Amino acid sequence: VLVLYAVPNSIEDDEFRDMVSDGMPSRNVVEGITTGENEVMIQRLDGMDEHGEGGDELLDLSVKDALNRMVQDATTETIVTPSATISSGQSLVVSPANGPCPVLYFSGVSNKEMMDTYKIIANEIYSETNGVHWPACAKVVAPALDKSMRQVLSEISGDHADAMKQGEEEKE
């Protein structure tokens, strides 16, 4: 599973599917339930506001339960389709400088597949946000499974934004 948190909605689902296919050429990007090791499913999650509120309902579940729900829901509905749009109908990055830092959250893939895919998608997100956001990249680990998806993504996003800000200050 690849969770795309707070990614710009100007990047179409089919573009993400192509980028994931390029980053993980030995896997099939599936639109429904994954049935084997050689498949990967993509799930977008709406971002939270600056107070950590709102966003996708999956954010309130534990990471373990959210991932399980994504896979279970895929048995009855398509997760990513070529014509799909973001459910909220509003831009996730209305003001890129104030929006949440995008996160690419991987589960069930190798480190090489994760990094190859991240490099491709990160460049696209950076370009789409006019250089404002370089997305964070993380892999699901056991200690995070019982935390809420909201907490984990907030921590990853916040830590990454702080690190990027510090890096910019050091350049000056």
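Enquirer: Sorry, what's going on with the sheet that holds strand β5 (residues 136-139) here?
Expert: In a beta sheet, neighbouring strands are held together by backbone hydrogen bonds and run either parallel or antiparallel to one another. What the five strands build is an open sheet, ordered β2-β3-β1-β4-β5; its pairing is mixed. In the strand order of this sheet, the two ends are held by β2 (28-30) and β5, each with one partner. Each strand axis lies, on average, 25 degrees off the axis of its neighbour in the sheet, ignoring direction. Bridge analysis of strand β4 (residues 103-106) against β5 gives four bridges, and the strand direction is parallel.

Enquirer: Where do I start with the nonpolar core in this structure?
Expert: Generally speaking, a soluble globular protein has its nonpolar side chains buried in company with each other. By size, the foremost hydrophobic cluster in this structure holds 23 residues, and its most contacted members are L45, M70, Y105, M149 and L153. Contributions of two or more residues to this core are made by β1 (2-5), β3 (39-45), α2 (63-73), β4, β5 and α4 (149-171). The next biggest cluster of nonpolar side chains, apart from the first, holds 19 residues, and it includes M24, V29, V40 and I125.

Enquirer: How should the confidence of the model for the chain be read in this particular structure?
Expert: Should pLDDT be low for a region, the predicted coordinates there are not to be read in detail. In the predicted model, the chain carries a mean pLDDT of 79, and 76% of its residues have values of at least 70. Contacts for the low-pLDDT stretch residues 77-96, under 50 throughout, to residues beyond four places or in other chains number 42 contacts.

Enquirer: Looking at this model, I keep getting lost on the environment of S62. Mind explaining?
Expert: As for its position among the elements, S62 is in the loop between β3 and α2. Each residue touching S62, except ones within four places of it in the same chain, is listed here: L145, D146, K147, S148 and M149.

Enquirer: I tried to follow the pattern of salt bridges on my own but got confused; where do I start?
Expert: A side chain with one charge can pair with a side chain of the opposite charge if their charged atoms come near. Applying the stated criterion across every chain yields a total of six salt bridges. One salt bridge in this structure joins R150 and D60, with 2.9 Å as the shortest N-O distance. In this pair, R150 sits in helix α4 while D60 sits in the loop between β3 and α2, placing the two residues 90 residues apart along the sequence. Taking relative accessible area as the criterion, D60 reaches 55% and is therefore assigned exposed. A salt bridge links K147 to E155; the shortest N-O distance between them is 3.5 Å. Judged by relative accessible area, which is 32%, K147 ranks as partly exposed.

Enquirer: Looking at this structure, I do not really get α2. What am I missing?
Expert: Buried within α2 are the following residues: V63, A66, L67 and M70. In a view along the axis of α2, the buried residues occupy a sector of 95 degrees, so they form one face of it. For α2, the elements touching its buried residues are β1, β3, β4 and α4.

Enquirer: Got a minute to help me understand α4 in this structure?
Expert: One turn of an α-helix holds 3.6 residues; hence residues three or four places apart share an orientation. For α4, which comprises 23 residues, the first-to-last C-alpha distance of 33 Å matches the rise-based estimate of 33 Å (1.5 Å per residue) to within 8%. Every buried residue belonging to α4 is among M149, R150, V152, L153, I156, S157 and H160, and all of these are buried. Tucked into the core, α4 has its buried residues touching β1, β3, α2, β4 and β5.

Enquirer: Could you clarify how one ought to interpret the packing of aromatic side chains in this entry?
Expert: Aromatic rings considered in pairs are described by the distance between their centres and by the relative angle of their planes. For the structure on display, the rule yields one aromatic pair. Where Y126 meets W134, the ring centres are 5.3 Å apart and the plane angle is 70 degrees; that geometry is what we call edge-to-face. Under the relative-accessibility criterion, Y126 is labelled partly exposed at 38%. Residue classification places W134 among the partly exposed positions, given a relative accessible area of 26%.

Enquirer: What am I meant to see in unusual backbone geometry here?
Expert: Both trends apply: most residues other than glycine have a negative phi, and most peptide bonds are in trans. Positive phi, close to 55 degrees, is recorded for A6, a residue that is not glycine. In this fold, A6 is placed in the loop between β1 and α1 (13-23). For N130, which is not glycine, the phi torsion reads 55 degrees and is therefore positive. Here N130 lies in the loop between α3 (111-128) and β5. Classification of N130 by relative accessible area gives exposed; the value is 69%.

The rules behind these values
- Residues numbered from 1 in each chain as written.
- Predicted model: local features only at pLDDT ≥ 70, side-chain atom pairs only at ≥ 80, totals over all residues.
- Heavy atoms only, no water.
- Pairing = 2+ DSSP bridges.
- Helix = DSSP H or I, 4+ residues; strand = E, 2+ residues; numbered from the N terminus.
- Axes fitted to C-alpha atoms, helices over the stretch in contact; angles between N-to-C directions.
- Core = buried A, V, L, I, M, F, W, Y, C linked by side-chain atoms within 4.5 Å.
- Buried < 20%, exposed > 50% of the residue type's maximum accessible area, 1.4 Å probe, protein only.
- pLDDT = per-residue confidence, 0-100.
- Contact = heavy atoms within 4.5 Å.
- Salt bridge = Lys/Arg side-chain N within 4 Å of Asp/Glu carboxyl O.
- Arc of directions from axis to C-beta.
- Expected span 1.5 Å × (residues − 1).
- Phe/Tyr/Trp six-rings, centres within 6.5 Å; stacked < 30°, edge-to-face > 60°.

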